[in-house]
Amino acid sequence: MKKVVITRNINPDMLQKLRKDFEVIVWEADEQPMPREKFLAETRDAHAVLTMLSDKVDEEMLQNAPELKVVANLAVGFDNIDLAAAERREVVIANTPDVLTETTAELAFTLMLTSARRVLEANQELMDGEWSGWSPYHMAGTDVFGKTIGIFGMGSIGVSFARRLKGFNCNVLYHNRSESEEARALGAKLTSFESMLERSDFVLCSAPLTNQTKHTFDKKAFSLMKNSAHFINIGRGAHVVEADLAEAVKSGEIGGAALDVYENEPIGADHPFVGLNNMTLLPHIGSASVATRNNMMNLCVNNIMEVLNGGQAITPVQ
Ligand code: DGY
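A brief look at the structure comes next.

What counts, and at which threshold
Residues numbered from 1 in each chain as written. Predicted model: local features only at pLDDT ≥ 70, side-chain atom pairs only at ≥ 80, totals over all residues. Heavy atoms only, no water. Helix = DSSP H or I, 4+ residues; strand = E, 2+ residues; numbered from the N terminus. Rg over C-alpha atoms; globule rule 2.2 N^0.38 Å. Buried < 20%, exposed > 50% of the residue type's maximum accessible area, 1.4 Å probe, protein only. Areas by Shrake-Rupley, 256 points an atom, 1.4 Å probe, with all protein chains shown as cover. Lys, Arg positive; Asp, Glu negative; His and termini not counted. Salt bridge = Lys/Arg side-chain N within 4 Å of Asp/Glu carboxyl O. Contact = heavy atoms within 4.5 Å. Near = heavy atom within 4 Å. Polar contact = N/O pair within 3.5 Å; in protein donor to acceptor, adjacent residues only side chain to side chain. Nonpolar A, V, L, I, M, F, W, Y, C, P; charged D, E, K, R; others polar. Expected span 1.5 Å × (residues − 1). 1 Å grid on protein atoms, 1.4 Å probe; cavity = no way out; pocket = protein on both sides within 12 Å on 5 of 7 lines; lining within 4 Å. Points joined across faces, edges and corners; volume = space filled by probe spheres on them. Phe/Tyr/Trp six-rings, centres within 6.5 Å; stacked < 30°, edge-to-face > 60°.

## Digging into the overall build of the protein
(1) Moving on: Per the secondary structure count, the protein includes 12 helices and 12 strands.
(2) Moving on: For 318 residues, the compact-globule estimate of 2.2 N^0.38 gives 20 Å, and the protein sits close to it at 21 Å.
(3) Moving on: The principal-axis extent of the C-alpha atoms belonging to the protein is close to 70 × 45 × 30 Å.
(4) Moving on: In the protein, which comprises 318 residues, the proportion classed as buried is 47%.
(5) Moving on: Just so you have it, the protein exposes about 15,500 Å², and 50% of that area is on carbon and sulfur atoms.

As structure tokens, this is what we get:
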């Protein structure tokens, strides 16, 4: 019987589907990733693995797993996987595009509005019993309506975000490797990275993490942004030089930041972002609606079943 390793607990219906035809090993500790040693030991004779973005699928792991045919990653991003090493060993890598697009764009929008309107700060004041009453500039933030928004990475999440911005009458600029027809149809304009930073009131990072995009948002990038601008990141933490962002927010180089992702996750209370004013911090929940997570799991399971039954992956990344 072929063996499938799943590195976190998934929906029982989907487990059942796999268990009909395969031996399935699941790491059931809900809040903790499968330890690396266990991951290496369990995948040694596995034919398929359903991974999380916190599992490293690298040379060592692939070399260790000669039977492996497919890795289904529960994420659209796959920067945790060494694609070249997988290709050399003819291991199919699949991700979960499309099913999480709208959910993740919604979270990006939530971050933008939360940051613009100081929602967390206002909530905290009230919860602390510190609200002393209405006054004209009390917790006054900034509007999003009619503003200029820059989008770095115009993939499907970027397009979905831009579509929402139409309802806010925003002017949308974007920087991408190539022009996006869908973005053009929405009236968004392709610009240089620098021009996008200089002109935008909000800058969203929704690009995939690659060697080219790593640490794109550094001291220089933040210095080009308006002092009033807000930076939003739902891509990957490593797009940002975190010390530079902390400094830019602290010094008032930019107006604020709203983040869902960090270079080394999870971050703790000792991270330089924690406690800074004008920082909205979420624990990587971009695609975390129950329906979307179920759809992602289902797609992973179907990718595994297709490949192990001799077919093609539905959403291969290569
Ligand atoms: C992804 O799919 O890459 C997201 O970051 C997961 O929430």
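After presenting the structure, the write-up continues.
## Regarding the side chain of E125
(1) Moving on: If you trace the backbone, E125 turns up in helix α6 (residues 119-127).
(2) Moving on: No salt bridge is formed by the buried E125; its nearest oppositely charged neighbour, R118, is found at 7.3 Å.
(3) Moving on: Apart from the residues lying within four places of it in its own chain, the contact partners of E125 are E130, W131, H138 and M139.

## What about the site of the ligand?
(1) Moving on: Around the ligand, the neighbouring residues are L53, A75, V76, G77, L100, R236, H284, S287 and R293.
(2) Moving on: At 2.6 Å from an oxygen atom of the ligand is found a main-chain nitrogen or oxygen belonging to V76.
(3) Moving on: Between the ligand and the protein, one listed contact pairs an oxygen atom with a side-chain N or O atom of R293 at 3.4 Å.
(4) Moving on: For the ligand, the accessible surface in isolation is 230 Å², of which the surrounding protein chains cover 93%.
(5) Moving on: Looking at the shell around the ligand, its residues break down into four nonpolar, three polar and two charged.

## Some details on the pattern of salt bridges
(1) Moving on: Taken as a whole and judged by the stated rule, the model has 14 salt bridges.
(2) Moving on: Among the ionic pairs, R184 bridges to E181, the shortest N-O distance being 2.9 Å. Taken together, the residues R184 and E181, both in helix α8 (residues 181-185) and three residues apart, mark about one turn of the helix.

## Thoughts on helix α12 (residues 290-308)
(1) Moving on: For α12, spanning 19 residues, the distance from its first C-alpha to its last is 27 Å, which sits close to the expected 27 Å at 1.5 Å a residue.
(2) Moving on: Turning to α12, its buried residues are T292, M296, M297, L299, C300, V301, N303, I304, M305, V307 and L308.
(3) Moving on: Close packing links the buried residues of α12 with β1 (3-6), α1 (12-19), β3 (48-51), β4 (70-73), β5 (92-94) and α5 (101-116).
(4) Moving on: Trailing α12 by a residue or two, G310 shows a phi angle of about 90°, which is positive.

## Points about the environment of A85
(1) Moving on: Here A85 is to be found in helix α4 (residues 83-88).
(2) Moving on: The exposure class assigned to A85 is buried, which follows from its relative accessible area of 0%.
(3) Moving on: Once the C-alpha coordinates of A85 and M61 are considered, the two residues, 24 residues apart in sequence, prove to be 9.9 Å apart.
(4) Moving on: If we skip the residues at most four places from it in the chain, A85 touches E59 and L62.

## Some points on the environment of A48
(1) Moving on: If you trace the backbone, A48 turns up in strand β3.
(2) Moving on: Spatially, the C-alpha atoms of A48 and L308 are 7.6 Å apart, while their sequence positions differ by 260 residues.
(3) Moving on: Not counting chain neighbours up to four residues away, the residues in contact with A48 comprise K3, V4, V5, L68, V70, I304 and L308.

## Details of the layout of surface pockets
Gaps left between atoms show up when a probe the size of a water molecule is rolled over them.
(1) Moving on: Reported here for the second largest pocket is a volume of approximately 380 Å³.
(2) Moving on: Forming the walls of the second largest pocket are 23 residues, and the residues nearest its centre are S115, R118, E121, H230 and N278.
(3) Moving on: Residue assignment for the lining of the second largest pocket shows that the elements contributing at least two residues are α5, α6 and β12 (279-281).
(4) Moving on: Tallied by class, residues from the lining of the second largest pocket come to seven nonpolar, 12 polar and four charged.

## Looking at the packing of aromatic side chains
(1) Moving on: In the structure shown here, the tally under the stated rule is nine aromatic pairs.
(2) Moving on: Between F152 and F217, the aromatic rings sit 5.3 Å apart at their centres with planes inclined by 90°, giving edge-to-face as the arrangement. Of this pair, F152 sits in strand β6 (residues 148-152) while F217 sits in the loop between β9 (202-205) and α10 (219-224), and the two are 65 residues apart along the sequence.
(3) Moving on: Residue class for F152 comes out buried when judged on its relative accessible area of 7%.

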